[in-house]
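Chain by chain, the residues run as shown.
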Amino acid sequence: MKYYIITFGCQMNKSDSERIASILEEKGYKLTSKINEADLIVVNMCSVRQSAVDRVYGLIPKFKELKAKTILTGCILKKDRPKFAKGFDQIIKFKDLLKYQPKRQNKLVAYVPISNGCNNFCTYCVVPFTRGPLVCKEHQEILKEVKDVVNKGFKEIWLLGQNVNDYTSPGDASINFPKLLKMVNDVPGGFQIRFTSPNPKNFSDELIEVMASSEKIAKFLNLPVQSGDNEILKKMRRPYTIEQYKNLVKKIRQKIPNINLSTDVIVGFPGETKEQFENTVKLFKEIKFNIAYIAKYSPRPGTAALEMPDNIPLEEKKQREKCLENLLSS
Ligand code: SF4
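Only a predicted model underlies this, so the values are computations on that prediction, with no experimental measurement involved. (Residues numbered from 1 in each chain as written. Predicted model: local features only at pLDDT ≥ 70, side-chain atom pairs only at ≥ 80, totals over all residues. Heavy atoms only, no water.)

A.B. asks: Before we move on, could you go through unusual backbone geometry and cite the residues and values that matter?
C.D. replies: At the junction of Thr-196 and Ser-197, the peptide bond is cis and its omega measures out at 10 degrees in the coordinates. With respect to the helices, strands and loops of the structure, Ser-197 is situated in the loop between β12 (192–196) and α7 (205–213). In this structure, Asp-96 takes a positive phi of about 45 degrees despite not being glycine. Relative to the elements of secondary structure, Asp-96 occurs in the loop between β5 (90–91) and β6 (109–113). For Asp-96, a relative accessible area of 48% corresponds to the partly exposed category. The phi angle at Phe-121 is positive, at roughly 50 degrees, despite the residue not being glycine. Note on placement: Phe-121 falls in the loop between β7 (115–116) and α4 (127–130). Residue classification places Phe-121 among the partly exposed residues on the basis of a relative accessible area of 35%. (Helix = DSSP H or I, 4+ residues; strand = E, 2+ residues; numbered from the N terminus. Buried < 20%, exposed > 50% of the residue type's maximum accessible area, 1.4 Å probe, protein only.)

The following block contains the structure:
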């Protein structure tokens, strides 16, 4: 019996797909690279924006032409389930995925999840609804997985979590993210460490110190700001101000002058005025991010922001997105 996995979304989903592959192979399935040969197709979906959900809807007619049984899994919103149930043979939540050894797809890069879920409930975000509350892995298990991939010759290790700063080892509350990062750095071997996604709200001096003093930690950091305006940050329930964010970036650059800094930002959040958007433009001009992942606000079912009128026209969202892209490339 052959299986084929289609993965949408973030690195966490890619890592989950590697573990789903492991579960299927334990059941005797073999991976195929040809979808027409598959007896089982698993779609590991993302719901972070409506466009991601629409892409999965778009697959359904194609599956009708194939012999394979189809399973939908991943970040699925309750609201979308009934319609997906008509298009897929099964909708499954694979339990305890973090307990399975992954079938790693890349020979050099290894994804090592340190936690799953999130307790922050930023008003635009579906993650707490699709992945549930924050669950952290024991630090010993994480270190065991790191040593295993280092011994297997992987050269880049990504520590993954929806919000890595909130990490605490279940068995030892003194082991927070900076301490875990230091432990991973102290694992013997020639490899580099990257991590995603941190949150500016509790990005500590201790973490900056560990990043600056650990030779294996790559000088790359994605620090999601989401907006350059304090009023909008408040409506997003992002618990920091732009002054605090800028001060954090200043501290990071003082300790790690050659840091490659990227960010996530949403344009066209409900009620975002031209003046408020101008504050995001000002921030981009001041910080000069190396890269930015710019998203047009997409109202998500179940989130608090859904109650707010999505009153920025799509054309205006596109213009704001373009404006930031131009700034990045200038
Ligand atoms: S911290 Fe990140 S994952 Fe958690 S709710 Fe906010 S945006 Fe979503």
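From this point, things continue past the structure.
A.B. asks: Requested: an account of the site of the ligand, with residues and values cited.
C.D. replies: Taken together, Cys-118, Asn-120, Phe-121, Cys-122, Tyr-124, Cys-125, Val-127, Pro-128, Gln-162, Asn-199 and Arg-238 are the residues near the ligand. Here the shell around the ligand is built from residues that sort into seven nonpolar, three polar and one charged. (Near = heavy atom within 4 Å. Nonpolar A, V, L, I, M, F, W, Y, C, P; charged D, E, K, R; others polar.)

A.B. asks: Can you explain helix α10 (residues 274–287)? Please cite residues and give values.
C.D. replies: For α10, spanning 14 residues, the distance from its first C-alpha to its last is 20 Å, which sits close to the expected 20 Å at 1.5 Å a residue. Lining the buried residues of α10 we find α8 (230–236), α9 (242–255), β14 (260–267), β15 (291–296) and α11 (314–329). Just downstream of α10 lies Lys-288, where phi reads positive at about 55 degrees. (Expected span 1.5 Å × (residues − 1). Contact = heavy atoms within 4.5 Å.)

A.B. asks: Give a description of the packing of aromatic side chains that names residues and reports values.
C.D. replies: If you walk through the whole model with that rule in mind, you get nine aromatic pairs. Here Phe-121 and Phe-129 contribute two aromatic rings whose centre-to-centre distance is 5.6 Å and whose plane-to-plane angle is 75 degrees, an arrangement assigned as edge-to-face. When the ring of Phe-177 is compared with that of Phe-195, the centres are 5.1 Å apart and the planes differ by 75 degrees; the resulting orientation is edge-to-face. With Phe-177 in helix α6 (residues 177–185) and Phe-195 in strand β12, this pair connects stretches of sequence that are 18 residues apart. Taken individually, Phe-177 and Phe-195 each receive the classification buried, so the pair is uniform in this respect. Positioned above the aromatic ring of Tyr-57 is the side chain of Lys-83, whose terminal nitrogen or guanidinium carbon lies 4.3 Å from the ring centre. (Phe/Tyr/Trp six-rings, centres within 6.5 Å; stacked < 30°, edge-to-face > 60°. Lys NZ or Arg CZ within 6 Å of the ring centre and 35° of its normal.)

A.B. asks: Describe the packing of α6 against α7, listing the residues and the values that go with them.
C.D. replies: Look at α6 against α7: their axes get within 9 Å of each other, and the N-to-C directions meet at 15 degrees. When the axes of α6 and α7 are compared, the pair comes out roughly parallel. With respect to the hand of their crossing, α6 and α7 are arranged in left-handed fashion. On the side of α6, the interface is formed by Phe-177, Pro-178, Lys-179, Leu-181 and Lys-182, while α7 contributes Glu-206, Leu-207, Val-210 and Met-211. Grouping the constituent residues of the contact of α6 with α7 by class yields six nonpolar, no polar and three charged. (Axes fitted to C-alpha atoms, helices over the stretch in contact; angles between N-to-C directions. Parallel < 35°, antiparallel > 145°, perpendicular 65-115°, else oblique. Left-handed = near helix turned anticlockwise from the far one by under 90°.)

A.B. asks: Break down the pairing of strand β3 (residues 40–45) for me, with residues and values.
C.D. replies: Among the six residues of β3, six are classified as buried, and the element is accordingly described as predominantly covered. The two faces of β3 match: Leu-40, Val-42 and Asn-44 on one face and Ile-41, Val-43 and Met-45 on the other face are all buried. Alignment of strand β1 (residues 2–7) against β3, held across five bridges, turns out to be parallel. Considered in β3, the bridge of Tyr-3 is made with Leu-40. Relative to strand β4 (residues 69–74), β3 runs parallel, the two being bridged by six bridges. Residue Val-43 lies in a different strand from β4, and its bridge partner there is Leu-72. Taken together, β3, helix α2 (residues 50–64) and β4 form a β-α-β motif whose crossover is right-handed. (Pairing = 2+ DSSP bridges. Right-handed = clockwise from strand over helix to strand, strands pointing away.)

A.B. asks: Quick one: what's the story with the sheet that holds strand β9 (residues 156–160), residue by residue and with numbers?
C.D. replies: Spatial ordering of the open sheet is given by β6-β9-β12, a layout of three strands whose pairing is parallel. The open sheet has two free edges, formed respectively by β6 and β12, since each of these has just one partner strand. The average undirected angle you get between the axes of adjacent strands in this sheet is 25 degrees. The sheet strands contacting helix α5 (residues 139–151) are β6 and β9, and the helix crosses β6 at an angle near 170 degrees.

Remember that the coordinates give geometry; whether it matters functionally is a separate question.
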